[in-house]
Amino acid sequence: MAPLMDWQAIRLSLWLASLTTLVLLILGLPLAYWLAFSRRRWKFLVEAVVAMPLVLPPTVLGFYLLLAMGPRSPLGRAWEGLFGSTLPFSFEGLLIASVLYSLPFMIQPLAAAFASVDRGLIEASWCLGVSRPGTFLRVIAPLSWAGILTGLVLSFAHTLGEFGVVLMVGGNLPGRTRTVSIAIYDQVQAMDYGPAGRTAALLLGVSFLVLAFTYALRRRQRKPWTLI
Amino acid sequence: MDAHLIAAAPDSGPYLQAAAERRFPGGATIEARFEVPRPGFSVTVLFGPSGSGKTTALRLLAGLERADRGSIQVDGTVWSDAGRHIHLPPQVRDLGFLPQAYSLFPHLSVAANLSYGLAALDARQRAARVAELLALLDLGGLGDRHPGELSGGQQQRVALGRALARKPRLLLLDEPLSALDRPSQLRLRKELRELLRALDIPTILVTHDRAEALQLGDRLVVMDQGRVCQSGGIQQVFDRPTDPAVARILGVETVVLGQVESVSEGMATLAVGPARLLGADPGNLGRLAFVCIRGEDVAVERGCGPGFGSTARNRLPARITTLHPEGSLVRIALDAGFPLESLVTRQACTDLRLTEGDQVCAILKAAAIHLIPHD
């Protein structure tokens with residue numbers, strides 16, 4: 001009898017998406033701050049690199065990641081030396097790939113939100129003796145809440161829905177790299193339309209609800225801080 | 001309240017000494033070049049038309065712009081010295097800055113805005129300081145509001161309070177009243193002056209409003225096209241502008257070139273078009289001089305007979321070209337053979353039933369005619 005849904009794949013996808021979002025937030029805050037405020041002439045190069053996953057076919061990104069993480073690359077060798085296992089077709093490798101693949105979905109909303117904070121507020125904070133990191137925490141970040149929320153939601157949803165990169169880098173190992181999208185693909189290939197349809201409907205519903213909630217929150221006239 | 005902070009320092013140089021400039025890509029250069037003497041409280045007004053670099057000069061003092069040349073010293077501390085690669089960030093300059101747009105933190109309450117820079121104090125001291133500021137600035141009961149819920153005047157006072165909170169050594173105010181409506185401006189000018197005097201913190205204030213400069217300032221720094229044209233005591237600068245550009249910026253209504261005809265006993269006679277004007281000799285007149293006349297100093301009468309009962313030495317036949325009401329005053333443009341402006345009360349204008357095209361007599365005291373040599 002066919003199972004109702006591939007719960008193992010759903011759990012794995014949710015776990016992967018959560019970890020990816022967390023890693024992206026930690027990496028994204030400083031990187032987006034730099035992109036928003038740096039006046040380096042070569043900043044556009046970094047911007048282009050960050051945006052690459054938006055236009056590259058996932059297979060291309062996956063192909064290069066596979067090469068970069070392989071046992072003959074410096075990264076692959078260093079990883080193997082440290083942890084005794086290989087990166088490709090492992091959950092850790094999948095996490096690295098997901099972080100890179102969803103990078104623009106975190107960075108771009110963050111950088112746009114930081115850059116739109118009134119410069120006068122930042123300068124007022126400096127003139128009141130508050131350091132740059134302090135100003136980021138007390139002025140820029142609170143005023144960028146909508147952009148941070150958007151970055152979190154988009155990164156999470158995008159990771160949940162990735163397929164090509166997972167296929168290239170992760171393969172299809174149940175419990176380790178078999179995500180929801182791979183599971184659905186597999187079930188359809190096996191003419192197993194029942195579980196595929198139910199899993200797909202779940203993904204559709206969750207994505208819609210999360211995005212609707214986000215946009216509803218962004219539309220609010222009253223800012224969250226006025227509710228405190 | 002804050003007098004202990006600016007007790008006269010032992011060294012005898014000026015309190016503030018700025019001689020710094022910032023070059024912008026594209027060629028514009030803005031300088032901050034003036035001094036604020038000690039001892040005692042004073043408001044120094046940076047005055048000039050928009051685009052003259054006043055705000056940039058203020059930002060150089062704040063450390064928000066980095067000087068490419070020169071230095072800035074305040075109360076014995078070097079804030080910036082391009083030659084020695086010193087540039088103290090705004091955080092450590094110990095100043096209070098009131099930006100033109102106020103820039104209140106919209107996500108924080110009034111109380112949190114006021115205490116934003118007071119991290120060095122403990123919670124009890126912070127609360128006490130906030131209460132003190134709320135009382136000082138007449139903001140009682142508004143501590144829990146957010147800036148978006150305040151009137152323009154209240155926002156202005158919160159921004160001022162926030163700048164004062166840390167008891168700074170120098171207060172920088174960028175067009176502090178320009179965002180307010182006219183009646184609030186007039187009311188707050190007086191209050192602001194009284195407050196600044198009571199707090200006794202040396203203040204640099206940017207404005208393009210002549211009346212505001214006159215009412216709030218003790219010293220005047222006139223700026224034009226990025227340069228400081230003249231600085232000094234406010235009366236001195238207004239009464240004796242060093243060149244026609246300064247006179248025009250100060251809003252001296254009439255600035256015309258005249259030919260010096262004769263000089264005797266400290267008085268000079270000049271030909272301006274067909275008219276003859278008698279003015280005080282500044283001492284170094286050549287052939288030509290700019291004649292600067294302020295509208296307030298030009299009276300208008302009907303009929304132009306010899307003025308036996310008057311000490312005014314200049315009586316010029318003139319025709320009224322336009323009448324322009326300005327509040328309680330009327331600005332009269334006259335043709336006396338050269339364009340001349342007079343500022344009279346609306347009442348006087350009504351009493352004399354002055355209309356455009358009338359032939360009148362423009363009356364000027366020789367002492368009110370300021371001559372600037374121009375050869």
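Parameters and conventions
- Residues numbered from 1 in each chain as written.
- Chains lettered and ligands numbered in written order.
- Predicted model: local features only at pLDDT ≥ 70, side-chain atom pairs only at ≥ 80, totals over all residues.
- Heavy atoms only, no water.
- Phe/Tyr/Trp six-rings, centres within 6.5 Å; stacked < 30°, edge-to-face > 60°.
- Helix = DSSP H or I, 4+ residues; strand = E, 2+ residues; numbered from the N terminus.
- Buried < 20%, exposed > 50% of the residue type's maximum accessible area, 1.4 Å probe, protein only.
- Pairing = 2+ DSSP bridges.
- Contact = heavy atoms within 4.5 Å.
- Axes fitted to C-alpha atoms, helices over the stretch in contact; angles between N-to-C directions.
- Core = buried A, V, L, I, M, F, W, Y, C linked by side-chain atoms within 4.5 Å.
- Domains from an automatic or database assignment.
- 1 Å grid on protein atoms, 1.4 Å probe; cavity = no way out; pocket = protein on both sides within 12 Å on 5 of 7 lines; lining within 4 Å.
- Points joined across faces, edges and corners; volume = space filled by probe spheres on them.
- Buried area = accessible area lost by both parts, 1.4 Å probe.
- Nonpolar A, V, L, I, M, F, W, Y, C, P; charged D, E, K, R; others polar.
- Expected span 1.5 Å × (residues − 1).
- Patch = residues over 30% accessible without salt bridge, like charges linked within 9 Å, V, L, I, M, F, W, Y side chains within 5 Å.
- Areas by Shrake-Rupley, 256 points an atom, 1.4 Å probe, with all protein chains shown as cover.
- Salt bridge = Lys/Arg side-chain N within 4 Å of Asp/Glu carboxyl O.
- Parallel < 35°, antiparallel > 145°, perpendicular 65-115°, else oblique.
- pLDDT = per-residue confidence, 0-100.

(A) Representation of the packing of aromatic side chains. All names here are of chain A. According to the stated counting rule, one finds 8 aromatic pairs over all chains in the structure shown. Centre to centre, the rings of Tyr-33 and Phe-37 are 4.9 Å apart; their planes meet at 55 degrees, and the pair counts as tilted. Highlighted residues: Tyr-33 and Phe-37, both in helix α1 (residues 7-37), separated by 4 residues, approximately one helical turn. By relative accessible area, which is 23% here, Phe-37 ends up partly exposed. For the pair Phe-114 and Phe-136, a centre-to-centre distance of 5.2 Å together with 90 degrees between the ring planes defines the contact as edge-to-face. Of this pair, Phe-114 sits in helix α6 (residues 103-115) while Phe-136 sits in helix α8 (residues 132-143), and the two are 22 residues apart along the sequence. The same class applies to Phe-114 as to Phe-136, namely buried.

(B) Local environment of the sheet that holds strand β5 (residues 77-81) of chain B. Residues and elements named next belong to chain B. Sheet architecture is open: 5 strands sit in the order β2-β1-β4-β5-β6, paired in antiparallel fashion. At either margin of the open sheet sits one strand with a lone partner, and together these are β2 (29-36) and β6 (86-87). Against the sheet, helix α1 (residues 54-62) contacts β1 (16-23), β2, β4 (69-74) and β5, and its axis sits at roughly 65 degrees relative to β2.

(C) Highlighting the nonpolar core. Among the nonpolar cores identified, the biggest contains 50 residues, and Leu-160, Leu-171, Leu-173, Leu-220 and Leu-250 of chain B are the most heavily contacted of them. Looking at this core, you find at least three residues from each of domain 1 (3-242) and domain 2 (252-373) of chain B. Those residues in contact with Leu-220 of chain B that lie beyond four places of it in its chain are Val-45, Phe-47, Ala-213, Gln-230, Ser-231, Gly-232, Ile-234, Val-237, Phe-238 and Leu-250 of chain B. Membership of the second largest hydrophobic core comes to 47 residues, among which are Val-117 and Phe-136 of chain A together with Val-36 and Leu-60 of chain B.

(D) Up close: empty space enclosed by the protein. All names here are of chain A. Tallied over the full model, the rule gives 1 cavity of 30 Å³ or more. Reported here for the largest cavity is a volume of approximately 30 Å³. Along its surface, the largest cavity is lined by Thr-150, Val-153, Leu-154, Leu-211, Thr-214 and Tyr-215. Those elements that provide at least two residues to the lining of the largest cavity are α9 (145-160) and α12 (193-219).

(E) Broad picture of the domain arrangement of chain B. Residues and elements named next belong to chain B. Here the domain parsing of chain B yields domain 1 (3-242) and domain 2 (252-373). Here domain 1 and domain 2 have C-alpha centroids that lie 38 Å from each other. With 6 residues of domain 1 in contact, the opposing surface of domain 2 contributes 5 residues. Of the roughly 570 Å² buried where domain 1 meets domain 2, counting both sides, 42% is carbon and sulfur surface.

(F) Representation of the layout of surface pockets within the structure. In this model, the largest pocket occupies a volume close to 550 Å³. Forming the boundary of the largest pocket are 21 residues, of which Arg-39, Arg-119, Trp-126 and Arg-132 of chain A together with Leu-64 of chain B lie nearest the centre. Of all the elements in the fold, those that place two or more residues in the lining of the largest pocket are α1, α7 (119-127) and α8 of chain A. With 4 residues, the top contributor of residues to the lining of the largest pocket is α7 of chain A. Residues belonging to the lining of the largest pocket are distributed by class as follows: 9 nonpolar, 3 polar and 9 charged. Size it by volume and the second largest pocket reaches roughly 380 Å³. Taken together, 14 residues form the lining of the second largest pocket, with Arg-182, Arg-210, Ala-211, Glu-326 and Arg-331 of chain B sitting closest to its centre. For the lining of the second largest pocket, the element with the highest residue contribution is helix α6 (residues 210-216) of chain B, accounting for 3 residues.

(G) Inspection of α12 of chain A at higher detail. Taking 1.5 Å of rise per residue, 27 residues should cover 39 Å, and α12 of chain A covers 38 Å from first to last C-alpha, within 8% of that figure. For α12 of chain A, the complete set of buried residues consists of Pro-195, Ala-196, Thr-199, Leu-203 and Thr-214 of chain A.

(H) Region of interest: the pairing of strand β16 (residues 298-301) of chain B. All names here are of chain B. Burial along β16 is one-sided: Val-298 and Val-300 are buried, and none of Ala-299 and Glu-301, which face the opposite way, are. Bridge count between β16 and strand β20 (residues 359-364): 4 bridges; the pairing is antiparallel. Residue pairing across strands places Val-298 opposite Leu-364, the latter belonging to β20.

(I) Region of interest: a nonpolar patch on the surface. Residues and elements named next belong to chain A. Among the surface-exposed residues, Leu-4, Trp-7, Leu-202 and Val-206 lie close enough to one another that they form a single nonpolar patch of about 350 Å² accessible area. Along the chain, Trp-7 falls in helix α1. When its relative accessible area of 45% is taken as the criterion, Trp-7 is described as partly exposed.

(J) Main features of the packing of α6 of chain A against α9 of chain A. All names here are of chain A. As a packed pair, α6 and α9 sit with axes 8 Å apart at the nearest point and diverge in direction by 170 degrees. Judged on the interaxial angle alone, α9 and α6 are roughly antiparallel. Counted together, Phe-105, Met-106, Pro-109, Leu-110 and Ala-113 of α6 and Gly-147, Ile-148, Thr-150, Gly-151, Leu-152, Leu-154, Ser-155 and His-158 of α9 form the full contact between these two elements. By residue class, the composition of the contact of α6 with α9 is 8 nonpolar, 5 polar and no charged.

(K) Just the interface of chain B and chain A, in detail. Residue-level contacts link 17 residues of chain B with 19 residues of chain A. At the boundary of chain B with chain A, total buried surface from both sides reaches about 1700 Å², with 64% on carbon and sulfur atoms. The largest share of the area that chain B buries against chain A comes from Gln-91, His-107 and Tyr-116 of chain B, three residues that together contribute 41% of it. Linking chain B with chain A are 1 salt bridge. Residues Arg-59 of chain B and Glu-123 of chain A are paired through a salt bridge, measuring 2.7 Å at the closest nitrogen-oxygen approach.

(L) How the structure looks around the confidence of the model for chain B. All names here are of chain B. Confidence in the prediction for chain B averages 87 pLDDT; 94% of positions are at 70 or higher. Averaged over each element, pLDDT in chain B is lowest for helix α7 (residues 234-239) (75) and highest for helix α2 (residues 110-114) (96). For the stretch residues 1-9, pLDDT sits under 50, and the model shows 19 contacts to residues farther than four places along the chain or on other chains.

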